[in-house]
Amino acid sequence: MTALGDNGLERHPHFVSLEGGEGAGKTTVLNALRDALLQAGHEVVSTREPGGTPMAEQIRNLLLNVPVDGVQHEPPAAETELLLMFAARAQHVRETILPALARGAWVISDRFTDSSYAYQGGGRGIDSAFIAELEHHVVGIQPGLTLLLDLGVAQGRERTRGRDLYPDRIERERDDFFEKVRSAFLARARAEPERMRVIDATQSAAEVAADAVAILRMFIARTKASG
Ligand code: TMP
């Protein structure tokens, strides 16, 4: 049931990831996709990164600098940040994603490896060839479909203003960091147009969700036709 992407990674047709910056509406889309799949009679596992297992959620707290017992730990170096993202992902893939796919469930993940290319590659400037090595050795799989909810940085900030009373360590980055993240996401979508589809997230949440469901349905029809 899996296909090989251009980069040799296995693409799972029941594995969907959502990507994009802050305020783009990933949660609404995740719920809409989950509902559409449930209505079609599928088991759905919705999950997130960093996170998705108890240990990976602990790594998430470290990464986003959630204080433990009121104590804030030191900010990680860029390389530490990258490796912790992949440590969490290694656990997430083995403990949550692969077992779910193996029993025939659909998996929808709020972020996956594309976020590492965008944030640690684009944003922090880590060599994408190194990230690709980690992706091959530690992850080994790709979603069959990735939806990139694209939104300008200023608009994203506008939407999250007031929602995030306590922005996490990454949310506190400056606009030029998020511009680089956005460019890196868009460059990845241009490089892998078959897997990664861009949705205009300046639309209303309902319109974005409707686009996402339509793309998912087309993807399912195409996968069936080719399988
Ligand atoms: P979110 O749950 O608000 O999307 O927060 C997760 C944060 O972690 C977000 O700022 C993006 C960041 N992140 C990375 O920097 N690299 C990664 O590989 C992943 C999965 C997330």
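Preceding block: the structure.
These numbers were taken from a predicted model, which means no experiment stands behind them.

> Please set out the overall build of the chain residue by residue, giving values where relevant.
Helix and strand counts for the chain stand at eight helices and six strands. Listed N to C, the secondary structure of the chain is β-β-α-β-α-α-β-α-α-β-α-α-β-α in terms of helices and strands. The globule rule puts the C-alpha radius of gyration for 227 residues at 17 Å, and the 17 Å found for the chain is close to it. For the chain, the C-alpha atoms occupy an extent of roughly 50 × 40 × 35 Å along the three principal directions. Taken across its 227 residues, the chain has 47% of its residues classed as buried. Taking contacts inside the chain between residues at least 6 apart in sequence as the whole, the part at least 24 apart equals 76%. Of the roughly 11,000 Å² of accessible surface on the chain, 54% is carried by carbon and sulfur atoms. Within the chain, the 32 negative side-chain charges are centred at a point lying 3 Å from the centre of the 26 positive side-chain charges.

> Run through the packing of aromatic side chains, naming residues and quoting values.
Summed over the entire model, instances satisfying the criterion amount to four aromatic pairs. Their ring planes at 80 degrees and their centres at 4.9 Å tell us that phenylalanine 15 and phenylalanine 112 sit as a pair that is edge-to-face. Within this pair, whereas phenylalanine 15 is found in strand β2 (residues 10–20), its partner phenylalanine 112 is found in the loop between β4 (106–110) and α4 (113–123), the two being separated by 97 residues in sequence. Comparing phenylalanine 15 with phenylalanine 112, the two get one shared label, buried. Aromatic pair tyrosine 119 and phenylalanine 177: ring centres 6.2 Å apart, planes at 55 degrees, arrangement tilted. Of the two residues, tyrosine 119 is situated in helix α4 and phenylalanine 177 in helix α7 (residues 175–191); the sequence distance between them amounts to 58 residues. Both residues of the pair, tyrosine 119 and phenylalanine 177, belong to the buried class. Three or more aromatic residues joined by ring pairs form one cluster here, namely Tyr119, Phe177, Phe178 and Phe185.

> So what about helix α1 (residues 26–39)? Which residues, and what values?
The end-to-end C-alpha distance of α1, which contains 14 residues, comes to 20 Å, matching closely the 20 Å that a straight helix rising 1.5 Å per residue would cover. Lining the buried residues of α1 we find β2, β3 (44–48), β4, β5 (141–150) and α8 (205–226). At the exit of α1 stands glycine 41, carrying a positive phi of roughly 90 degrees.

> Would you mind going over the nonpolar core in detail, with residue names and values included?
Leu33 and Leu147 are the most contacted members of the largest nonpolar core, which totals 25 residues. Among the secondary structure elements, those contributing two or more residues to this core are β2, α1, β4, β5 and α8. For this core, the leading source of residues is α8, giving seven residues. Once residues within four sequence positions are removed from consideration, leucine 33 is found in contact with Val16, Leu18, Ile108, Leu147, Ala212, Val213 and Leu216. The next biggest cluster of nonpolar side chains, apart from the first, holds 18 residues, and it includes Ala56, Ile59, Leu64 and Ala88.

Parameters at a glance
Residues numbered from 1 in each chain as written. Predicted model: local features only at pLDDT ≥ 70, side-chain atom pairs only at ≥ 80, totals over all residues. Heavy atoms only, no water. Helix = DSSP H or I, 4+ residues; strand = E, 2+ residues; numbered from the N terminus. Rg over C-alpha atoms; globule rule 2.2 N^0.38 Å. Buried < 20%, exposed > 50% of the residue type's maximum accessible area, 1.4 Å probe, protein only. Contact = heavy atoms within 4.5 Å. Areas by Shrake-Rupley, 256 points an atom, 1.4 Å probe, with all protein chains shown as cover. Lys, Arg positive; Asp, Glu negative; His and termini not counted. Charge placed at Lys NZ, Arg CZ, Asp CG, Glu CD. Phe/Tyr/Trp six-rings, centres within 6.5 Å; stacked < 30°, edge-to-face > 60°. Expected span 1.5 Å × (residues − 1). Core = buried A, V, L, I, M, F, W, Y, C linked by side-chain atoms within 4.5 Å.

Purely geometric stuff here, so don't read any function into it on its own.
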